[in-house]
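# Examining the three-dimensional arrangement
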Amino acid sequence: MAYSVPDLPYPFDALEPHIDAPTMKVHHDKHHATYVANINKATEGKDEKPILDLMESAIEAGPAIRNNGGGHYNHAFFWEEMAAPGDAAKTKPSAQLEELINKSFGSMDEMKAQFEARAAPGALFGSGWVWVTVNKAGDKLLLVGTPNQDNPLMKGAADEISFPILGLDVWEHAYYLRYQNRRPEYVSNWWNVVNWDKVSENCAYVIKNHAGVPVQG
Ligand code: MN3
């Protein structure tokens, strides 16, 4: 079974005006598809485990698995955590997630402010991702920035392995058509399309299973 690009759970234009349809189309159909084609090449003839299972040892497995396996996992995860602005606005953090946010950051507003600071070009130079993760003990949220297509599930990508519940792609291809160099504006607008029901589900999953969230494809 080869890896595949999962369908978006909404139309390409669903996230307008915060993320534009042409960006979504090229991001999903070209960028994500290229990672999938390349991870299939890198794992050809081998047993293709769920992509999640490749993450922990991806860095020691070498650049083909690290970059393309990470690229596939990260994008499959990213599509699922968003929803059309009207739908996203109806979602909210679960009691469990809200408690962890308050305990770890003080408040949702403070978490968002710290996230935006972490995603700023001065803090995360070049291409990468910013994540909200649950620590290994399952009792605290962390903010983690990773370069390129690394993620916090990979041993060696950050100080400690932790489990993403929310992640933002801050590669230029994720925002340049609409925002050009204005990455901070992309980041602050993106909150309007975050599906907190899905983030809450991710949070419950990682706390229950002490493992990363499985993805489609
Ligand atoms: Mn991307």
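Refer to the preceding data block for the structure.
In this report, we go over the structure that sits alongside the text. Because the structure is predicted, anything quoted here is derived from the model rather than measured.

What follows concerns the coordination of the manganese ion. The coordination sphere of the manganese ion, as far as protein atoms go, consists of His 27 (NE2), His 75 (NE2), Asp 169 (OD) and His 173 (NE2), spread over 2.0 to 2.1 Å. Between consecutive donors of the manganese ion, the numbers of intervening residues give the motif H-x47-H-x93-D-x3-H. Of the two residues, His 75 sits in helix H3 (residues 63-80) while Asp 169 sits in strand S3 (residues 163-169), which places them 94 residues apart along the sequence. By relative accessible area, His 75 is classed as buried at 0%.

This paragraph deals with the pattern of salt bridges. Scanning the entire structure with this criterion turns up seven salt bridges. Residue Lys 25 is joined to Asp 29 by a salt bridge in which the shortest nitrogen-to-oxygen separation is 2.8 Å. Placement of the pair is Lys 25 and Asp 29 together in helix H1 (residues 21-42), with a separation of four residues, close to one helical turn. Lys 198 is the salt-bridge partner of Glu 201, the closest N and O atoms lying 3.6 Å from each other. Of this pair, Glu 201 and Lys 198 both sit in helix H9 (residues 196-209), separated by three residues, roughly a single helical turn. A residue is classified by how much of its surface remains accessible, and Lys 198, at 16% relative accessible area, is buried.

On to unusual backbone geometry, then. The omega torsion of the bond from Glu 16 to Pro 17 falls at 0°, within 30 degrees of zero and hence cis. Tracing the backbone shows Pro 17 in the segment before H1. Phi angles above zero are rare outside glycine, and Gln 180 is one such case at about 45°.

We now examine the side chain of Glu 48. Tracing the chain through its elements places Glu 48 in the loop between H1 and helix H2 (58-61). Separated by 2.4 Å, the side chains of Glu 48 and Thr 43 make a polar contact. In contact with Glu 48, other than residues within four places in its own chain, are Met 1, Ala 2, Tyr 3, Ile 39, Asn 40 and Thr 43.

Before going further, it helps to examine the packing of helix H5 (residues 95-105) against H9. The geometry of H5 relative to H9 is characterised by a closest axis approach of 9 Å and an angle of 80° between their N-to-C directions. As judged from the angle between their axes, H5 and H9 are roughly perpendicular. Contacts between H5 and H9 involve Gln 96, Leu 97 and Leu 100 on the former and, on the latter, Trp 196, Val 199, Ser 200, Cys 203, Ala 204 and Ile 207. Of the residues contributing to the contact of H5 with H9, the split by class is seven nonpolar, two polar and no charged.

The subject of this paragraph is the sheet that holds strand S1 (residues 128-134). Ordered in space as S2-S1-S3, the three strands form an open sheet in which the pairing is antiparallel. In the strand order of this sheet, the two ends are held by strand S2 (141-147) and S3, each with one partner. Pairwise comparison of adjacent strand axes, ignoring direction, gives a mean angle of 25° for this sheet. Here seven bridges tie S1 to S2, and the two strands are oriented antiparallel to one another. Bridged to Gly 128 within S2 is Pro 147.

Here is what the cut-offs are and how they apply
Residues numbered from 1 in each chain as written. Predicted model: local features only at pLDDT ≥ 70, side-chain atom pairs only at ≥ 80, totals over all residues. Heavy atoms only, no water. Donors = N, O, S within 2.8 Å, 3.2 Å for Na, K, Ca; no water. Helix = DSSP H or I, 4+ residues; strand = E, 2+ residues; numbered from the N terminus. Buried < 20%, exposed > 50% of the residue type's maximum accessible area, 1.4 Å probe, protein only. Salt bridge = Lys/Arg side-chain N within 4 Å of Asp/Glu carboxyl O. Polar contact = N/O pair within 3.5 Å; in protein donor to acceptor, adjacent residues only side chain to side chain. Contact = heavy atoms within 4.5 Å. Axes fitted to C-alpha atoms, helices over the stretch in contact; angles between N-to-C directions. Parallel < 35°, antiparallel > 145°, perpendicular 65-115°, else oblique. Nonpolar A, V, L, I, M, F, W, Y, C, P; charged D, E, K, R; others polar. Pairing = 2+ DSSP bridges.

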